[in-house]
Amino acid sequence: MITDSPPVKSSSAMRRRSLVIEGVIVVAISLLILFGAPQFLTAIGQEFRINMLGRFMALAIVALGIDLIWGYTGMLSLGHGIFFSLGGYALAMFLQLQLPEGQLPEFFTLFGVDKLPWFWQPFHSLPFTLMAIVFIPATIAGLLGYLVFRNRIRGVYFSILTQASLIVFFNFFNSQQKLINGTNGLKTDTTKIFGVYAGSDQAQSVFYTLTVLFLVLAYFLCRWLTSGRLGRLLIAIRDDESRVRFSGYDPTGFKVLVFAVSAGLAGMAGALYTVQSGIISPKTMDIAFSIEMVIWVAVGGRASLIGAILGALIVNFARSILTEQFPEIWLFFQGALFLVVVTVLPGGFIGWLRNEGQELFRSLIGRPRRVMTYPSLSEDPEVEYERQNLRN
Amino acid sequence: MLTSLLDGLFDGISIGSVLLLAALGLAIVFGLMGVINMAHGELMMIGAYTTFVVQNAFKSFGQPWFGAYIFVALICAFFVTALLGLILEKGVIRHLYGRPLETLLATWGVSLILRQFVRSVSWVMVLGLGVFCVLYFGAMAILSRRPNVEKIRGWARTVLIPLSAGIAWSAGNMLGQTYQLAATKPWFGAQNVDVTAPGWLRKGIKLGTYQLPYVRLFILVLTIVCILGMYLFLQRSAWGLRIRAVTQNRSMSACLGIPTERVDALTFALGSGLAGVAGCAVSLLGSVGPNTGQNYIVDTFMVVVVGGVGKLVGSIVAAMAIGIANYMIGADALSPLVSWFPQLAAVLQFFANASMAKVLVFALIVTFLQFRPAGIFPQKGRMVDA
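Residues numbered from 1 in each chain as written. Chains lettered and ligands numbered in written order. Predicted model: local features only at pLDDT ≥ 70, side-chain atom pairs only at ≥ 80, totals over all residues. Heavy atoms only, no water.

Student: So what about the overall build of chain A? Which residues, and what values?
Tutor: A tally of helices and strands in chain A yields 17 helices and four strands. A globule of 392 residues ought to have a C-alpha radius of gyration of about 21 Å, and chain A, at 23 Å, matches this closely. With the C-alpha coordinates of chain A rotated into their principal frame, the extents come out at 80 × 55 × 50 Å. The contacts of chain A with a sequence gap of at least 6 include a subset with a gap of at least 24, amounting to 77%. (Helix = DSSP H or I, 4+ residues; strand = E, 2+ residues; numbered from the N terminus. Rg over C-alpha atoms; globule rule 2.2 N^0.38 Å. Contact = heavy atoms within 4.5 Å.)

Student: Kindly report on the overall build of chain B, identifying the contributing residues and their values.
Tutor: Helix and strand content of chain B: 16 helices and two strands. Taking 2.2 N^0.38 as the reference for a compact globule, 386 residues should give roughly 21 Å; the C-alpha atoms of chain B span a radius of gyration of 24 Å, in line with that estimate. Based on the C-alpha atoms only, the size of chain B along its principal axes is roughly 80 × 60 × 40 Å. Relative to its full complement of 386 residues, chain B shows a buried share of 49%. Long-range pairs, those at least 24 residues apart, make up 74% of the contacts in chain B between residues at least 6 apart in sequence. Charged side chains in chain B number 26 positive and 12 negative. The centres of these two groups are separated by 9 Å. (Buried < 20%, exposed > 50% of the residue type's maximum accessible area, 1.4 Å probe, protein only. Lys, Arg positive; Asp, Glu negative; His and termini not counted. Charge placed at Lys NZ, Arg CZ, Asp CG, Glu CD.)

Student: Which residues make up the state of the cysteines, and what values do they have?
Tutor: The full count for this structure, using the stated rule, is zero disulfides over all chains. B:Cys76 carries a free sulfur, and the closest cysteine sulfur to it, the one in B:Cys280, is 9.2 Å from it. (Disulfide = S-S within 2.5 Å.)

Student: How would you sum up the packing of aromatic side chains? Please name residues and give values.
Tutor: Residue and element names in this part refer to chain A. This model, assessed by the stated rule, comprises 19 aromatic pairs over all chains. Pairing Tyr89 with Phe173 gives two aromatic rings, centres 4.7 Å apart and planes at 45°, and the pair type is tilted. Of this pair, Tyr89 sits in helix 3 (residues 80-96) while Phe173 sits in helix 6 (residues 156-175); the two residues are 84 residues apart in sequence, bridging distant segments of the chain. For the pair Tyr89 and Phe173, a shared accessibility class is recorded, and that class is buried. (Phe/Tyr/Trp six-rings, centres within 6.5 Å; stacked < 30°, edge-to-face > 60°.)

Student: Please set out the confidence of the model for chain B residue by residue, giving values where relevant.
Tutor: Parts of the model with low pLDDT should not have their predicted coordinates read in detail. In the predicted model, chain B carries a mean pLDDT of 83, and the fraction of residues at 70 or more is 95%. For this predicted complex, the interface score ipTM comes out at 0.84, alongside a pTM of 0.86. (pLDDT = per-residue confidence, 0-100.)

Student: Before we move on, could you go through the interface of chain A and chain B and cite the residues and values that matter?
Tutor: Where interface size is given, it is often the accessible area lost as the parts come together that is meant. Tallying the contact residues gives 47 residues for chain A and 49 residues for chain B. Summing both sides of the interface, chain A and chain B together bury roughly 4,500 Å²; the carbon and sulfur share of this comes to 73%. Our count for the chain A to chain B interface comes out at one salt bridge. The shortest N-O distance in the salt bridge between B:Glu102 and A:Arg302 comes to 3.0 Å. Connecting chain A to chain B are six residue pairs in polar contact (both at pLDDT 80 or more). Put simply, the parts of the chain that give the side of chain A that touches chain B at least two residues each are helix 5 (126-149), helix 6, helix 10 (241-246), helix 12 (287-300), helix 14 (330-343) and helix 17 (381-389) of chain A. Counting residues per element, the side of chain A that touches chain B draws most heavily on helix 6 of chain A, at 13 residues. The residue makeup of the side of chain A that touches chain B, split by class, is 26 nonpolar, 16 polar and five charged. (Buried area = accessible area lost by both parts, 1.4 Å probe. Salt bridge = Lys/Arg side-chain N within 4 Å of Asp/Glu carboxyl O. Polar contact = N/O pair within 3.5 Å; in protein donor to acceptor, adjacent residues only side chain to side chain. Nonpolar A, V, L, I, M, F, W, Y, C, P; charged D, E, K, R; others polar.)

Student: Report on the side chain of B:Ser17, specifying residues and quantitative values.
Tutor: All names here are of chain B. Position of Ser17 among the secondary structure elements: in helix 1 (residues 2-33). On the basis of relative accessible area, Ser17 is assigned to the buried category, the value being 0%. Polar side-chain contacts of Ser17 include one of 2.7 Å to the backbone oxygen of Ser14. When residues no more than four places from it in sequence are discounted, the contact partners of Ser17 are Ile219, Leu220, Thr223 and Met320.

Student: Kindly report on the nonpolar core, identifying the contributing residues and their values.
Tutor: In terms of nonpolar packing, the biggest core is built from 213 residues, with A:Trp70, A:Trp120 and A:Trp296 touching the most fellow members. Discounting residues that sit within four places of it in the chain, A:Trp70 has contacts with A:Met75, A:Leu76, A:Arg238, A:Val294, A:Val297, A:Ala298, A:Arg302, B:Leu101 and B:Leu105. The next biggest cluster of nonpolar side chains, apart from the first, holds five residues, and it includes B:Tyr136, B:Met140, B:Ala156 and B:Leu160. (Core = buried A, V, L, I, M, F, W, Y, C linked by side-chain atoms within 4.5 Å.)

Student: Describe the pattern of salt bridges, with residues and values.
Tutor: One pass over the structure, following the stated rule, counts ten salt bridges over all chains. Note that A:Asp239 and A:Arg238 form a salt bridge whose closest N and O atoms lie 3.1 Å from each other. Given the relative accessible area of 29%, A:Arg238 is considered partly exposed. A salt bridge links B:Arg99 to B:Glu102, with the nearest nitrogen and oxygen atoms 3.9 Å apart. Each member of the salt-bridge network shares a partner with another, and the members are A:Glu241, A:Arg245 and A:Lys255.

Student: Outline helix 10 (residues 238-248) of chain B, supporting the account with residue identities and numerical values.
Tutor: The α-helix winds at 3.6 residues per turn, so residues separated by three or four positions along the chain end up facing the same way. Residues and elements named next belong to chain B. Looking at helix 10, one finds that the buried residues are Gly240, Ile243, Val246 and Thr247. Around the axis of helix 10, the buried residues are gathered within 130° of arc, so they sit on the same side. The exposed residues of helix 10 that point more than 90 degrees off its buried face are Leu241 and Gln248. (Arc of directions from axis to C-beta.)

Structure representation (structure tokens):
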């Protein structure tokens, strides 16, 4: 009699062990970034890059969210700037209100507003703000997602709709001078938080630590979401949604959930980014910025969480260095990056490492190529050619 | 009140006609290949810049000829952008069929490159690009005659690309040093350029208190001509029949011997050419800059989404509806109508400017999609994923 319980047990034990190893590695890396990186950057005389690293790690949190919905669930959102900015605005509004009793933020007086608009009122309280940073974007994403997914709108249609909603939010925030200071945005570095200026070194190092902490938390959240049954279901939705529906699941709820979680992550990232860059303005709701978020994930590697983080960090550092050196050429590089990653490296950096990278390494140390089995048959150029010509 | 409503209606129609012209190419391509071309706006921009170049060329011919430049510009814009579209299809999009989301990202990359290209194009750059193309593609053409071409292709690419890029780069540098500013000065620069409409387009018809500008009429007529042309092409010509067949069922058409690859390339070129014509029309309305395309792109996407896939009628109705709704709400033409219901009028007044109108129109579109998720005139069929 054949029982398959022993192998299952051992594999779950092995999985637990590898999870523990992974946890240890992640914690070690985060400790290194937390304590090592500032020391190192100060030692080579590049202190300003510490702040940059902090900001880019905040962006890596958005990339994790995008990876959840694009890499795992297959929905390309071009509107994550909305959620990012909403989180940023929520925290910025709280910071703006850290004033003596009865005083209004400065810009209100410029536009002749003498009473605080109603939606500013709750931002006096810190707990509400902290909730709002995550839950306002998540709620809006959930609502939009429900309206869209319920009708099985997806693929390119979904991307276009998210982009259009991005434009809508941009227009709203950009044109409402009296409510949220319009184009100028809200400055946060000259405001006080717990009696310290948010732009001071002391506060900034706290924000840096918080960013690392939240990045690790976000990583574990995404890891947890994607490793279990939910993760497998998400991948199934990505690969063949109709089949998932025929199997008796309703993908709508799962898609809404993932979209909301990813928006919540974006909101958190927006808040962390805002306090470290000192300002939030409708510029973060640019079309270009939201599409860039997607390319970070694509560069790192879709459907791999580490890839998303790496991609966000690599692309942003490359961007900041290239724009310092050749301010005009960056757009060419960025365009080329989009083209090359999408056409030549569809798996991103991590995907390359998993396939071609391993082969390259094996051939370098004199080992034979691995045998092609069925999954790699689908990557055979000839089969691919046939499929393209007889699509469907 | 009636006249103001009529004015609003006409302005809405003329905005809608620009949208329609811009969306026409996008809609055809989307219907055929399921590909959203994010560079469509930039193709419009290239069309507008072509108009600018043609206009400058005609300035030297003097008055009677200058008035007619717009027709030459329309033709030039069509062919320049169609050629660009063809290159784009052959170079990038062909490799990404069946992966619409990746195509979207790739075309966004193209749009970034085109935007920066227009800003910094100069004689040095043109020469460099020319040298690179001649060297690289020439060498590849020579190599492709060899029998073992499949084996050495990867190897040849890794050697040839850096080699020809290096030669082109140094040739450009040398030219730049010899001729200095004359060769390195950007043609257009980052500022906007102005296209002057020919004299006979600058006036308008007086309709009571309202001035009906000829330019808007011209664009309306142009749109009608383009739609008629598209309709005749799709319904009466052999290639039109093939395009329609592939739009409906690609694999069946391929089985019946329709060259689907050529149909794709042709359609993409046609759609891009229409973008060029749209750009030419847009250049008559205001100044043209590297970011011109971005102003229209999202509205044109909305036209495609609302209109439904691959239907000319859908695009027409959607463009007109969105144009009129945008204008009516933005210009506050509707609130007098509902003066008997002050709350609604107040709401309408809150949305009464160009950017807030977009907010309301988007809300309306999302509501509309709740009832007709596949657009006004959906493709009929029995597919699961229609």
